[in-house]
Amino acid sequence: MTNPTSPTNERPLDMIIFGGGGDLAARKLLPALYMAHTHCNLPADTRILAIGRKDWTREDYLKNFMEKQSRPFIDANAFDAQQWDKFLALFDYVRVDVENPEDFKRLAEASRDGAQRVFYLSTSPELFTTICDNLAAAGIVDDHARVVLEKPLGHDLASARAINDAVGKRFKEEQIYRIDHYLGKETVQNLMVLRFGNAIFGPLWQAPYIKSVQITVSETVGVGSRAGFYDHTGALRDMVQNHLLQLLCIVAMEPPVSLDPDAVRDEKLKVLKSLRPMSVADIARDTVRGQYAAGAVGGEPVKGYLQEENVPADSRAETFVALRAHINNWRWANVPFFLRTGKRMQTRKSEIVIDFADLPFSIIPSGPRNYGNRLIITLQPEESIQLQMLAKEPGSGMQMLPVNLNLDLQQAMTQRRAEAYERLLIDVIRGRLTHFMRRDELEAAWAWVEPILNGWKELGDKPRGYTAGTFGPAASSALMARENLAWAEEA
Ligand code: BG6
């Protein structure tokens with residue numbers, strides 16, 4: 001059965017996954033494709049070509065990788081043995097050493113003439129240039145082809161540009177899908193609806209009615225087995241440069257003229273370009289770097305970062321960042337944006353907090369002096385919107401108490417929520433670019449982040465320790481307290 005709203009590509013789809021035997025494929029991509037398959041969101045004539053270096057047959061791949069490594073990541077409630085068999089039937093495995101142009105001829109033979117080819121590059125970005133060059137040399141990059149690029153897209157501005165140049169030689173910009181999986185989250189997409197589908201926020205969504213904005217993405221997990229990557233990346237590159245700045249863009253952008261990809265991306269780009277560059281003095285004052293020390297998360301003792309596997313004993317990688325950013329435009333003049341992310345924190349939450357301006361004058365003597373309403377948009381783990389306001393305490397007198405207008409979106413809308421990767425893969429298949437980063441956006445984000453990395457080096461900034469299971473170093477609270485503000489959990 002085909003989903004009535006399913007893609008009607010006139011071409012058969014060849015989804016070609018480089019890194020087909022890798023961790024991301026096992027944990028995210030293949031489960032997402034499985035879900036898309038069971039909900040009839042793959043075109044009828046789809047094939048999935050997994051590309052890897054191992055000398056495997058198709059059967060080896062299905063048995064050793066799909067069954068053993070990827071299937072455990074499919075939600076048991078969503079698993080159906082018959083559907084799984086049908087899904088496996090879509091697969092082929094092609095052994096390719098990406099450095100060897102000859103191997104790409106084998107790939108060219110395996111891919112069907114006239115197919116809509118999607119090349120998913122889930123490999124180390126150092127290989128992107130070679131892969132794109134070899135694909136082009138094998139004659140399988142045509143005008144219909146699409147390429148999906150996984151992060152990290154560079155470790156600074158120059159390396160991001162080099163990747164963009166190399167991929168841009170073989171694919172036009174509208175064929176390039178740069179993934180930031182936060183843009184695929186239902187709740188992040190819902191932020192646009194909240195802002196642009198509800199007129200009441202329009203007039204208030206600016207200075208001076210908004211006093212400050214907080215964006216927090218805290219995780220309880222540690223670095224796990226990813227130290228090889230993480231230790232030379234750190235939280236600023238891993239989370240702030242992409243996910244947090246994208247959230248900031250959606251909170252701060254002007255209403256786009258439509259939902260067309262370039263209309264939305266033009267507005268996000270303007271925000272990134274308006275970020276006030278930070279001087280070394282700003283960096284010393286307005287940023288906090290942290291690294292977790294041993295502690296307890298959810299009642300379980302956990303190691304410190306330096307004791308994690310493959311972490312050098314003298315590592316200075318930050319696992320926590322808090323910073324104060326400014327957007328230099330009319331809407332946001334003098335409104336600080338506080339961004340914060342960290343591993344091994346007390347709770348897992350992604351949250352945007354909008355602090356509205358204080359009451360200009362209180363005619364109720366018993367009321368708090370400096371009360372400002374607060375809008376809390378929780379993106380994960382639950383999806384909710386709360387508006388904090390004051391109400392009169394029942395009884396005599398005019399005692400005021402803070403109360404919440406509370407919208408639990410999970411309860412209000414019980415429909416299945418697709419995982420970010422599923423949604424984004426369907427977008428790629430349907431050719432929808434709105435939720436992918438354009439080249440100039442990526443580079444503007446690096447242009448703002450890179451001076452912070454350099455500033456930290458110049459300042460010799462050793463990360464401050466924080467106990468695992470807390471909300472980061474004390475300096476993070478001090479960053480807010482300096483302006484008589486507080487992180488949401490401290491207020
Ligand atoms: C990834 C980072 O991009 O996002 C990880 O590389 C991080 O370090 C992850 O754990 C967080 O994603 P999510 O969807 O779990 O919030």
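Residues numbered from 1 in each chain as written. Predicted model: local features only at pLDDT ≥ 70, side-chain atom pairs only at ≥ 80, totals over all residues. Heavy atoms only, no water.

- As annotated in an unreviewed UniProt entry, the protein carries the name Glucose-6-phosphate 1-dehydrogenase and comes from Caballeronia concitans.
- UniProt, in its Pathway (unreviewed entry) section for the protein, records the words "Carbohydrate degradation; pentose phosphate pathway; D-ribulose 5-phosphate from D-glucose 6-phosphate (oxidative stage): step 1/3."
- In its Sequence similarities (unreviewed entry) section, the UniProt record describing the protein reads: "Belongs to the glucose-6-phosphate dehydrogenase family." (UniProt positions renumbered as here; feature names shortened; annotations may be inferred.)

**Topic: the sheet that holds strand 1 (residues 13-18)**
Here is step 1: A sheet is described by the order of its strands in space; here 6 strands give the open sequence 3-2-1-4-5-6, paired in parallel fashion. Only two strands of the sheet have a single partner each, and these edge strands are strand 3 (91-95) and strand 6 (176-178). Sheet twist, expressed as the average angle between the axes of neighbouring strands with direction ignored, equals 20°.
Here is step 2: Strand direction decides the pairing type here: strand 2 (residues 46-52) and strand 3, joined by 5 bridges, are parallel. Within strand 3, the position partnered with Gly 52 by the bridge is Arg 95. (Pairing = 2+ DSSP bridges. Helix = DSSP H or I, 4+ residues; strand = E, 2+ residues; numbered from the N terminus. Axes fitted to C-alpha atoms, helices over the stretch in contact; angles between N-to-C directions.)

**Brief notes about the pattern of salt bridges**
Here is step 1: Enumeration over the complete set of coordinates arrives at 41 salt bridges.
Here is step 2: Here Arg 58 ties to Glu 59 by a salt bridge, and the two come within 3.4 Å at their closest N and O atoms.
Here is step 3: Between Glu 67 and Arg 71 there is a salt bridge, with its nearest N and O atoms 3.1 Å apart.
Here is step 4: Classification of Arg 71 as partly exposed rests on a relative accessible area of 32%.
Here is step 5: Three or more residues are tied together by salt bridges with common partners; here these are Asp 282, Arg 285, Asp 286, Arg 324, Arg 482 and Glu 483. (Salt bridge = Lys/Arg side-chain N within 4 Å of Asp/Glu carboxyl O. Buried < 20%, exposed > 50% of the residue type's maximum accessible area, 1.4 Å probe, protein only.)

**Digging into the nonpolar core**
Here is step 1: Ranked by internal contacts, the top residues of the largest apolar core, which has 108 residues, are Phe 18, Leu 107, Phe 119 and Phe 337.
Here is step 2: Residues contacting Phe 337, with those up to four places away along its chain left out, are Val 213, Leu 248, Val 251, Ala 252, Leu 323, Arg 324, Ala 325, Ile 327 and Trp 332.
Here is step 3: Counting residues in hydrophobic clusters, the runner-up holds 41 residues, among them Leu 24, Tyr 34, Ala 50 and Phe 91. (Core = buried A, V, L, I, M, F, W, Y, C linked by side-chain atoms within 4.5 Å. Contact = heavy atoms within 4.5 Å.)

**Things to note about the sheet that holds strand 17 (residues 464-467)**
Adjacent strands of a sheet form backbone hydrogen bonds with each other and so pair up, either parallel or antiparallel.
Here is step 1: Read across the sheet, 9 strands follow the order 16-15-14-13-7-12-11-8-17 without closing on themselves; strand pairing throughout is mixed. Two strands in the sheet have a free side with no partner beyond their single neighbour: strand 16 (400-408) and strand 17. In this sheet, adjacent strand axes meet at a mean angle of 20° when their direction is disregarded.
Here is step 2: With 4 bridges connecting them, strand 8 (residues 287-293) and strand 17 associate as parallel partners. Each bridged residue has a counterpart across the sheet, and for Ala 293 the counterpart in strand 17 is Thr 467.
Here is step 3: Together, strand 13 (349-358), strand 14 (372-380) and strand 15 (384-392) form the strand contacts of helix 7 (residues 186-196), whose direction differs from that of strand 14 by roughly 145°.
Here is step 4: Its contacts with the sheet put helix 14 (residues 439-459) on strand 8 and strand 11 (320-325), and the angle it makes with strand 11 is roughly 120°.

**Comments concerning the UniProt feature "domain: Glucose-6-phosphate dehydrogenase NAD-binding" (unreviewed entry) in the protein**
Here is step 1: Here, UniProt's "domain: Glucose-6-phosphate dehydrogenase NAD-binding" (unreviewed entry) annotation points to residues 16-190.
Here is step 2: Counted over residues 16-190, helix gives 43% and strand 16%. Its end C-alpha atoms are 30 Å apart.

**So, the site of the ligand**
Here is step 1: Taken together, Lys 151, His 181, Tyr 182, Lys 185, Glu 219, Arg 226, Asp 238, Met 239, His 243, Lys 343, Arg 348 and Gln 380 make up the full set of residues near the ligand.
Here is step 2: His 243 places a polar side-chain atom, nitrogen or oxygen, 2.7 Å from an oxygen atom of the ligand.
Here is step 3: In isolation the ligand exposes 400 Å². Once the protein is present, 80% of that is buried.
Here is step 4: The dominant element in the shell around the ligand, judged by the number of residues it contributes, is helix 9 (residues 234-252), at 3 residues.
Here is step 5: Class assignment for the residues of the shell around the ligand results in 2 nonpolar, 3 polar and 7 charged. (Near = heavy atom within 4 Å. Polar contact = N/O pair within 3.5 Å; in protein donor to acceptor, adjacent residues only side chain to side chain. Areas by Shrake-Rupley, 256 points an atom, 1.4 Å probe, with all protein chains shown as cover. Nonpolar A, V, L, I, M, F, W, Y, C, P; charged D, E, K, R; others polar.)

**Focus: the UniProt feature "binding site: substrate" (unreviewed entry) in the protein**
Here is step 1: UniProt tags His 181, Lys 185, Glu 219, Asp 238 and Lys 343 as "binding site: substrate" (unreviewed entry).
Here is step 2: Within the secondary structure layout, Glu 219 lies in the loop between strand 7 (210-218) and helix 8 (227-230).
Here is step 3: If near-sequence neighbours (up to four positions away) are discounted, Glu 219 is found in contact with Met 239, Gly 342, Lys 343, Arg 344, Met 345, Thr 347 and Arg 348.
Here is step 4: Inspection of the secondary structure assignment puts Lys 343 in the loop between strand 12 (337-342) and strand 13.
Here is step 5: For Lys 343, a relative accessible area of 5% corresponds to the buried category.

**Considerations on the packing of aromatic side chains**
Two measures describe an aromatic ring pair: the distance that separates the ring centres and the angle between the ring planes.
Here is step 1: In the structure shown here, the tally under the stated rule is 21 aromatic pairs.
Here is step 2: Taken together, a centroid distance of 6.1 Å and an interplanar angle of 75° make the contact between Phe 338 and Trp 487 edge-to-face. Taken as a pair, Phe 338 in strand 12 and Trp 487 in the segment after helix 15 (474-481) lie far apart in primary sequence, 149 residues in all.
Here is step 3: A relative accessible area of 0% means that Trp 487 is categorised as buried. (Phe/Tyr/Trp six-rings, centres within 6.5 Å; stacked < 30°, edge-to-face > 60°.)

**Topic: helix 6 (residues 157-170)**
Here is step 1: With 14 residues, helix 6 should cover 20 Å at 1.5 Å per step; its first-to-last C-alpha distance of 21 Å lies within 8% of that length.
Here is step 2: What helix 6 keeps buried is the set Leu 157, Ser 159, Ala 160, Ile 163, Asn 164, Ala 166 and Val 167.
Here is step 3: As for helix 6, its buried residues are in contact with helix 5 (128-137), strand 5 (146-149), strand 6 and helix 14. (Expected span 1.5 Å × (residues − 1).)

**Some thoughts on unusual backbone geometry**
Here is step 1: Here the residue pair Ala 207 and Pro 208 is connected by a cis peptide bond, since its omega of 0° sits within 30 degrees of zero.
Here is step 2: Of note, the amide linkage connecting Gln 380 to Pro 381 takes the cis form, showing an omega dihedral of 5°.
Here is step 3: In this structure, Pro 381 sits in the loop between strand 14 and strand 15.
Here is step 4: Phi angles above zero are rare outside glycine, and Asn 310 is one such case at about 70°.
Here is step 5: Locating Asn 310 in the fold gives a position in the loop between strand 10 (300-302) and strand 11.
Here is step 6: For Asn 484, which is not glycine, the phi torsion reads 55° and is therefore positive.
Here is step 7: Within the element layout of this structure, Asn 484 appears in the segment after helix 15.
Here is step 8: Using a relative accessible area of 76% as the deciding quantity, one classes Asn 484 as exposed.

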